[in-house]
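Each chain is listed here by its residues.
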Amino acid sequence: MSLDELRGKIDQIDGELFRLFEERMDVVSEIAAFKQANSLPTLDRTRENAKLQELSGKVRPDIEPYAYTLYDTLFELSRSHQHSARMQVSDLACEIQDAISATDKLFPQKATVACQGVEGAYSQLACSRLFKQPGMMYFKTFENVFSAIENGLCDYGVLPLENSTAGSVTKIYDLMQSHDFKIVRSVRLKIDHNLIAPKGVKMEDIREIFSHEQAISQCAGFLERFPNVKITPCENTAAAAEAVAKSDRRDAAAISSHSCIKLYDLNCLAKDIQDRNNNYTRFICISKNLEIYPGADRTSIMIVLPHHPGSLYKALSRFYALGVNLIKLESRPIAERDFEFMFYFDLETSVYSDEFIKLIDDMQEFCEEFKYLGSYSEVI
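Just so you know, these numbers come straight off a predicted model, no measurement behind them.

## Quick look at the overall build of the protein chain
Right, on to step 1. Looking only at helices and strands, one finds 13 helices and 16 strands in the protein chain.
Right, on to step 2. Relative to its length of 380 residues, the protein chain is extended, with a C-alpha radius of gyration of 27 Å against a globular reference of 21 Å.
Right, on to step 3. Along the first, second and third principal axes, the C-alpha set of the protein chain runs to 85 × 55 × 40 Å.
Right, on to step 4. Counting only residues that meet the buried cut, the protein chain has 47% of its 380 residues in that class.
Right, on to step 5. Working note: accessible area of the protein chain is about 20,100 Å², and carbon and sulfur atoms make up 52% of it.
Right, on to step 6. Positive and negative side-chain charges in the protein chain, numbering 43 and 56 respectively, have mean positions lying 5 Å apart.

## Description of the sheet that holds strand S8 (residues 230-234)
Right, on to step 1. The mixed open sheet is built from five strands, whose spatial order is S8-S7-S9-S6-S10. Both outer strands of the open sheet, S8 and strand S10 (267-271), are each paired with one neighbouring strand and no more. Across the sheet, the axes of successive neighbouring strands diverge by a mean angle of 30 degrees, strand direction being ignored.
Right, on to step 2. When strand S7 (residues 208-212) meets S8, the two strands line up parallel, connected through five bridges. Looking at the pairing, histidine 212 lines up with cysteine 234 of S8.
Right, on to step 3. Sheet strands in contact with helix H10 (residues 237-246) are strand S6 (194-197), S7, S8 and strand S9 (252-256), and its direction is about 155 degrees off that of S9.

## Some thoughts on H10
An α-helix turns once every 3.6 residues. As a result, residues three or four positions apart point the same way.
Right, on to step 1. Regarding H10, the residues found buried are Thr237, Ala238, Ala239, Ala240, Ala241 and Val244.
Right, on to step 2. Measuring from the side-chain oxygen of the N-cap residue of H10 to the backbone nitrogen of alanine 238 gives 2.8 Å; that N-cap residue is asparagine 236.

## Focus on the nonpolar core
Right, on to step 1. Within the largest apolar cluster, 27 residues are counted, with the highest numbers of intra-cluster contacts made by Ile96, Ile292, Ile301, Ile303, Met363 and Tyr372.
Right, on to step 2. Listed by contribution, the elements that provide at least two residues to this core are helix H4 (91-102), strand S12 (298-304), helix H12 (311-321), strand S14 (341-348) and helix H13 (354-366).
Right, on to step 3. At six residues, H13 tops the list of elements feeding residues into this core.
Right, on to step 4. The next biggest cluster of nonpolar side chains, apart from the first, holds 26 residues, and it includes Leu161, Ile172, Ile183 and Met342.

What counts and how
- Residues numbered from 1 in each chain as written.
- Predicted model: local features only at pLDDT ≥ 70, side-chain atom pairs only at ≥ 80, totals over all residues.
- Heavy atoms only, no water.
- Helix = DSSP H or I, 4+ residues; strand = E, 2+ residues; numbered from the N terminus.
- Rg over C-alpha atoms; globule rule 2.2 N^0.38 Å.
- Buried < 20%, exposed > 50% of the residue type's maximum accessible area, 1.4 Å probe, protein only.
- Areas by Shrake-Rupley, 256 points an atom, 1.4 Å probe, with all protein chains shown as cover.
- Lys, Arg positive; Asp, Glu negative; His and termini not counted.
- Charge placed at Lys NZ, Arg CZ, Asp CG, Glu CD.
- Pairing = 2+ DSSP bridges.
- Axes fitted to C-alpha atoms, helices over the stretch in contact; angles between N-to-C directions.
- Contact = heavy atoms within 4.5 Å.
- Polar contact = N/O pair within 3.5 Å; in protein donor to acceptor, adjacent residues only side chain to side chain.
- Core = buried A, V, L, I, M, F, W, Y, C linked by side-chain atoms within 4.5 Å.

As structure tokens, then:
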């Protein structure tokens, strides 16, 4: 047979497959109606596993793995179709709809906001981009910021999540697993680092440079010029500037923001020392309550998947099937659970779309744990 003839046979087979698939999904709808009428769950894992095992005796050994994958996917599609046919709206979907209705149409202009560090920190600059009149409260650690939100001490918290040069702030992702919060907005802030020191101190005098570990990483190329200078990480770039300003040392400098120069009465020895000019940090604004403001087109979720082959693929395939763009995927180990991971996703989809609600409901069906972190827009 020629290639065209073989392709013609494939087309005929595909036509029959589509007809049978449509017929199968019609029966699935009938099953959904029966289960709803009799208060039966959508998922029948025992039957699915039995049917998958039954395949091994019905196909040739060389195509058995492909047949298994085909039917496993069919069961996933059928379950999703059953869920839609039953017209069930999850508690979470209802909570999201209620939040959309209850949230003010404008993002707050005034608020009490928690940030990590001291005055002059990049978190403060991010906060000023988000709020016109923020009442700032500074905390020593990221965990203190989460706790301040949980305990109602502040209305909002601003935290760095990822940098375009140095990557994710892994400490934040780890803390997300153990704290209760919602993301209400994000902001992308251009980061320009400066080497600053007390007035009168020259570049050749420097014997130690202080800064946050992320800033040190972002200025690695510049710091290679100082092989004999000690590089000391500290909790915050502004805290580094403050410490240098308050010390009597004439051989110490800090890597910090331009605002810290005037704030702490220091001198700039070198400006814009980051390795890349397009150096941006993304900050999230968190709240204790679910608030969804108009224009929300980004959603963040955290999930734990069953620990077996194909689990992550099934999650990703849902995004593809519904036309939802995945813009961030991060995995972090789960404390006290050996070799198991939490997956963090940022999804680009309007909170008002049917695909969004369907995705939220579908994901809850097969995840071992599912945590909805919020839907929001990003300030650029």
